[in-house]
Amino acid sequence: MTTLTVLPSGKTYDVAAGITLLKALLDAGEHIAHKCEGKAECGSCHVFIQEGRKSLSKAQRAENDRLDTIIGVGSKSRLACQAVLGDEAVTVELLSFV
Ligand code: FES
């Protein structure tokens, strides 16, 4: 288990390590777009990782290729559907809403 903090609400959740950030957010009841259902094809699940970036799985080519097509991407950007949670706490800032 690890702790997930969601901005801008500031809500925190105890979530399982080893699942995607998208699944953790949806299971927690957060609203986040995920138009391609986690295939790294749409970019709608783009988020900023404000803390705990090193706890997440490394971005693979498909994620980096998709991020390259999104306006406003920065060094804290990840696709929630591709980032797998590790054991350390993560703070994520949601950018899109369903
Ligand atoms: S849900 Fe489409 S890229 Fe993540």
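Above this text you will find the structure in question.
Cut-offs applied
Residues numbered from 1 in each chain as written. Predicted model: local features only at pLDDT ≥ 70, side-chain atom pairs only at ≥ 80, totals over all residues. Heavy atoms only, no water. Pairing = 2+ DSSP bridges. Helix = DSSP H or I, 4+ residues; strand = E, 2+ residues; numbered from the N terminus. Buried < 20%, exposed > 50% of the residue type's maximum accessible area, 1.4 Å probe, protein only.

A. Structural detail: the pairing of strand β1 (residues 2-7). Pairing between β1 and strand β2 (residues 11-15): 5 bridges, direction antiparallel. Bridged to T5 within β2 is T12. When β1 meets strand β5 (residues 90-94), the two strands line up parallel, connected through 4 bridges. Among the inter-strand pairings, L4 is bridged to a residue of β5, identified as V90.

B. Highlighting unusual backbone geometry. Geometrically, the link from L7 to P8 is a cis peptide bond, its omega value of 10° lying close to zero. Tracing the chain through its elements places P8 in the loop between β1 and β2. Even without being glycine, E37 reaches a positive phi, approximately 60°. If you trace the backbone, E37 turns up in the loop between α1 (21-27) and β3 (46-51). Backbone geometry at A40 places phi at a positive 60°, although glycine is not the residue there. Structurally, A40 is set in the loop between α1 and β3. A40 sits in the buried class, given a relative accessible area of 7%.

C. Local environment of the pairing of β5. Within β5, 4 of the 5 residues are buried, which leaves it mostly tucked inside the rest of the structure. Across 4 bridges, the pairing between β3 and β5 is antiparallel. What sits directly across from E51, in β5, is T91.

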